[in-house]
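# Results of the structural survey
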Amino acid sequence: MSYGIKTFDDEGYVNLHSDYSSLVYVGEFTKITNPVRPVYEGDYSIAILDYNKNNKYDQGWLVQYEFDFDTDNLVPFYRPDYNGQEIGIVDVVNEGNKWIINALFKGDAGNFPRFFAFAPLTDIPTVTLSDSGIAVYDEDSQLVFTDSQPPLRIDDVLTVQHPTSIRTGERGTCGRDGTNCHINFTSDQSTTHTGTVNNTNTKIYHVVPSAYGGLAFDNNGTFERSCGLFGWGDRKYAWGYRSWSSFRGTLTHPYGTADHNTGWLGDFSGALYQQVNGSCGYGGFLGALLGIVAVVFTGGIGLALVGGALAGFVVGELTSPTAPGLKAYENDEIFDQNSSYELLVTDATYYNIDSANGIDNSIDYNNLPYQYSTSPRTYWQLYSIEVLGDTVTNTIEIYWNGALVNSGSTVGEFSTRFTAGNGDTYIRGDLEDTTSQAFSGGGYEGPPYVTFNDKYKVARIAYGQEPSGDASDDDDDDDSDSNVPSDIPELYANIPQYKLGIFSNVTAWITYWSGSASSASGTNTNNFIIYNGQFVYFDINNAATGTSTTSATANDGRTYYRGASHPEDGNPYTGFNNGYSYTFFGVGRE
Amino acid sequence: MAYGLAIDGFSFNYGTYSVVATGTVTTGNQTFVSKLAHPDLSDLKVVFIPIGVRSPGDEEVRPVVIENSYALYANSPNNMSPHKYIVLGR
């Protein structure tokens, strides 16, 4: 260079050069969708519930972020929500001033990471300079450096690559009885890349993994059974089973180490089972029955995703597609694994970025809808014992619609928020009830002590479904078939007890019809509603309304809405052995 | 502060990367950045930023970078999804 300025860092690298623009922090992305875990729900699908998504298909959560900023170039960084969280950027979409990120993360729905944007200073239309300080321009009079927008500070840089396989361990098998069977596709492969700076909860990372792939399992066979007069005939059967888990390359950054582990996390899974049979006869026609599953499988699987799961990922005003592309796998495959790519590490504190977890900018924290009710219990309760003015013990219990949502978790006395296992966050509001006090002790019983039972209002920020009366009950998280308006809580409680004939505390919308076949016609299906153990609605005299009934005015004059179906309870359930099939739904009440 | 640039209370002595070049990776074409054109910089990195949804169904891949002592080459396979490149240097 013949003119300008050039400075160096302590390692001898150029850190300011008037020929080159600095890269600066320009803002944080906003999360614009709820996290989802889509599964195939088309023909012959086998339900994949939360347990299997976690333990068999290694499935993470897809989520989308948006950032409006006028720049031609943008480098995204993310901050994990917790120590060792698996994260992968799936897509970045740019159209005009709008930047979209599709990301995949592990954990619960509420554990979404945060994303931050860096851009060349020369791309920023308006930069406010300090009253004093320095501004550096290039030969085209473009601002390339200013102390009012300090450049990206690099703590570490590595070149990383993904492992060559997703899983090498045993997977198990599914066969003729595989109508509710799942293969273990959980990834057991990772590669460690060690840098020079330890990970902490303030480090943020830029990396766009290239690798993706899938694991698949296929099995089929035939058998025959005796039939006809005296069992002299035979009936031939053919069956097929297929399942897969689609994976994306992800990384983890364990705190207290300089390790960065490349690995795999699932983004889309599916399982199907089909069985067909011929008529009772003596001849063979087996060839016509073979290959049935393959025919189903190739029949437009992409259109048969769980209904609407990715609908929220479509940014309407853009002409570019913004929903992540998903792939169903027929065989084990890996793509784009050979590429190496850069991992940049910096620290959020350099840019005055707070270290809070997963802030959802779409929520107005100043105007949360706090609620308080004693029946069903909806409050944040602090139970404490004071001896001579000092608190010696305390217990927090958080109830929402009768469910103890922090069961098994300890919440601190002074905590004001709690995130449950399903990702829902509960926030403590104003103190509502302080009347429950008791004085005991004194004399031979020991020192006098006072027990307090303070109850606070509580607000819920929902990412999963409504609690179901049992915090350990991890419901199916597909709400796409729910008809409950978004501002009304959806309840679903104690169906196992209902199956035993115990109605107390049961809350559900239940349909039933004669026979065991699926009720696809929408007729001859009866509806009834139980809410907090009370039967509030029957329409057995108006059976023709059928499955099309999605809301009803009940005996109490209130309007009820049919919520999401709960396949984990066997829909259609025939276990009462009364000749009827039952389907269980959540329910919301105005 | 033993070294670096002090600017009105802001100490600028840390390591960073500046933006050397940006552009769009064109499918089937090779983009290269000559090291000789940037003699003051001793460490160049290329980051690829996707600018559209990648289709796994079409087996789309990302561009790759190849480096030798003279240049950085951004290779773009035929089944590449759209990307921009940012060459960073220090």
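Residues numbered from 1 in each chain as written. Chains lettered and ligands numbered in written order. Predicted model: local features only at pLDDT ≥ 70, side-chain atom pairs only at ≥ 80, totals over all residues. Heavy atoms only, no water.

### Section: the sheet that holds strand β6 (residues 64-67) of chain B
Note: strands within a sheet are paired through backbone hydrogen bonds, in either parallel or antiparallel orientation. Residue and element names in this part refer to chain B. The condition is simple: At least two DSSP bridges between two strands are required for those strands to pair. Numbered from the N terminus, helices here are DSSP runs of H or I no shorter than four residues, and strands are runs of E no shorter than two. To obtain an axis, a line is fitted to C-alpha atoms, over the contacting stretch when the element is a helix, and the angle between two such axes runs from 0 to 180 degrees between their N-to-C directions.
A sheet is described by the order of its strands in space; here three strands give the open sequence β4-β7-β6, paired in antiparallel fashion. The sheet is open, and its two borders are formed by β4 (31-34) and β6, each paired with just one other strand. Mean inter-strand twist for the sheet, computed between neighbouring axes without regard to direction, equals 20°.

### Describing the pattern of salt bridges
All names here are of chain A. So the rule is basically this: We define a salt bridge as a side-chain nitrogen of Lys or Arg found within 4 Å of a carboxyl oxygen belonging to Asp or Glu. Only protein chains enter the area calculation, which uses a 1.4 Å probe; residues under 20% of their type maximum are buried, those over 50% are exposed, and those in between are partly exposed.
Across all of its chains, the model carries 21 salt bridges over all chains by this definition. Close ionic contact of D347 with K203 constitutes a salt bridge, the shortest N to O distance being 2.8 Å. Placement of the pair is D347 in strand β19 (residues 341-347) and K203 in strand β14 (residues 203-206), with a sequence separation of 144 residues. Take D347 and K203: they sit in the same class, and that class is buried. Several salt bridges share partner residues, and in doing so they unite E66, D68, K98 and E317 into one network.

### A word on the packing of aromatic side chains
All names here are of chain A. Stated formally: Two rings belonging to Phe, Tyr or Trp (six-membered ring only in the last case) form a pair when the distance between their centres is within 6.5 Å. Interplanar angles under 30 degrees mark stacking, angles over 60 mark edge-to-face geometry, and anything in between is tilted. Distance and angle both matter: a charge sits over a ring if NZ of Lys or CZ of Arg is within 6 Å of the ring centre and within 35 degrees of the ring normal.
Following the criterion strictly, the structure yields 35 aromatic pairs over all chains and no others. Geometrically, the ring pair formed by Y512 and Y582 is stacked, given 5.4 Å between the ring centres and 20° between the ring planes. Of this pair, Y512 sits in strand β29 (residues 508-514) while Y582 sits in strand β34 (residues 580-589); the two residues are 70 residues apart in sequence, bridging distant segments of the chain. The residues Y512 and Y582 share a single accessibility class, namely buried. One aromatic cluster in this structure is built from Y498, Y512, F528, Y573, F576, Y580, Y582 and F584. Looking at R176, its charged tip hangs above the ring of F223, at a distance of 3.5 Å from the centre. Across the ring face of Y456, the terminal group of R428 is positioned such that the distance to the ring centre comes to 4.3 Å.

### Some remarks on the interface of chain B and chain A
Where we set the bar: Contacts are assigned to residue pairs that have any heavy atoms within 4.5 Å of one another. What gets called buried area is simply the loss in accessible area from a 1.4 Å probe that two parts show on being joined, summed for both. Here a polar contact is taken to be a pair of N or O atoms separated by no more than 3.5 Å, where protein atoms must pair a possible hydrogen donor with a possible acceptor and residues adjacent in sequence count only if both atoms sit in side chains.
Each partner contributes residues to the interface: chain B has 43 residues there, and chain A has 62 residues. Of the roughly 4,400 Å² buried at the junction of chain B and chain A (both faces included), carbon and sulfur atoms supply 60%. In this structure, the connection of chain B to chain A is made through two salt bridges. With a shortest N-O distance of 3.2 Å, K6 of chain A and D40 of chain B are connected by a salt bridge. At the boundary of chain B and chain A, one finds 18 residue pairs in polar contact (both at pLDDT 80 or more). Counting residues per element, the ones that place at least two in the side of chain B that touches chain A are β1 (5-7), β2 (10-12), β3 (18-25), β5 (44-50) and β8 (83-89) of chain B. Top contributing element to the side of chain B that touches chain A by residue count: β5 of chain B, with six residues.

### Digging into the side chain of H162 of chain A
Residue and element names in this part refer to chain A. Here H162 is to be found in the loop between β12 (156-160) and β13 (191-194). Exposure remark for H162: the relative accessible area of 2% places this residue in the buried category. Those residues in contact with H162, other than ones at most four positions away along the chain, are T191, P209, A211, G249, T250, L251, T262, G263, W264, Q337 and Y341.

### A closer look at the confidence of the model for chain A
All names here are of chain A. How we decide: Confidence of the predictor at the level of single residues is captured by pLDDT, which takes values from 0 to 100.
For chain A, the average pLDDT comes to 82, and 81% of its residues sit at 70 or higher. The low-confidence segment residues 358-362, where pLDDT is below 50, has 13 contacts with residues more than four positions distant or belonging to other chains. In this model, residues 463-477 is a region of pLDDT below 50 whose contacts with residues beyond four sequence positions or in other chains number 60 contacts.

### Some thoughts on the confidence of the model for chain B
With 98% of its residues at a pLDDT of at least 70, chain B reaches an overall mean of 89. Quick note on the complex model: pTM equals 0.68, ipTM equals 0.95.

### With respect to the side chain of D267 of chain A
Residue and element names in this part refer to chain A. Turning to its location among the elements, D267 is positioned in strand β17 (residues 259-277). Here D267 falls in the buried class, since its relative accessible area comes to 1%. One polar contact links D267 to S246, side chain to side chain, over a distance of 2.7 Å. Here the side chain of D267 touches R248 through a polar contact of 2.9 Å, side chain to side chain. Residue contacts for D267: discarding those within four places in its chain leaves P38, Q59, L62, L104, S246, F247, R248 and L326.

### Section: the state of the cysteines
Residue and element names in this part refer to chain A. Just so we agree on the cut-off: The disulfide criterion is simple: two cysteine sulfur atoms within 2.5 Å.
According to the stated counting rule, one finds one disulfide over all chains in the structure shown. The disulfide partner of C174 is C181, and the gap between their sulfur atoms is 1.9 Å. On the sign convention where negative is left-handed, the bridge of C174 and C181, at about -85° about the S-S bond, is left-handed. Taking the relative accessible area as the measure of exposure, C174 reaches 1% and is therefore buried.

### Some thoughts on the nonpolar core
Residues and elements named next belong to chain A. Here is the rule we go by: Nonpolar cores were defined as sets of buried Ala, Val, Leu, Ile, Met, Phe, Trp, Tyr and Cys residues, with membership established by side-chain atoms within 4.5 Å.
Residues F29 and F118 are the most contacted members of the largest nonpolar core, which totals 54 residues. For this core, the leading source of residues is strand β9 (residues 114-120), giving five residues. Counting residues in hydrophobic clusters, the runner-up holds 20 residues, among them Y57, C181, F185 and W239.

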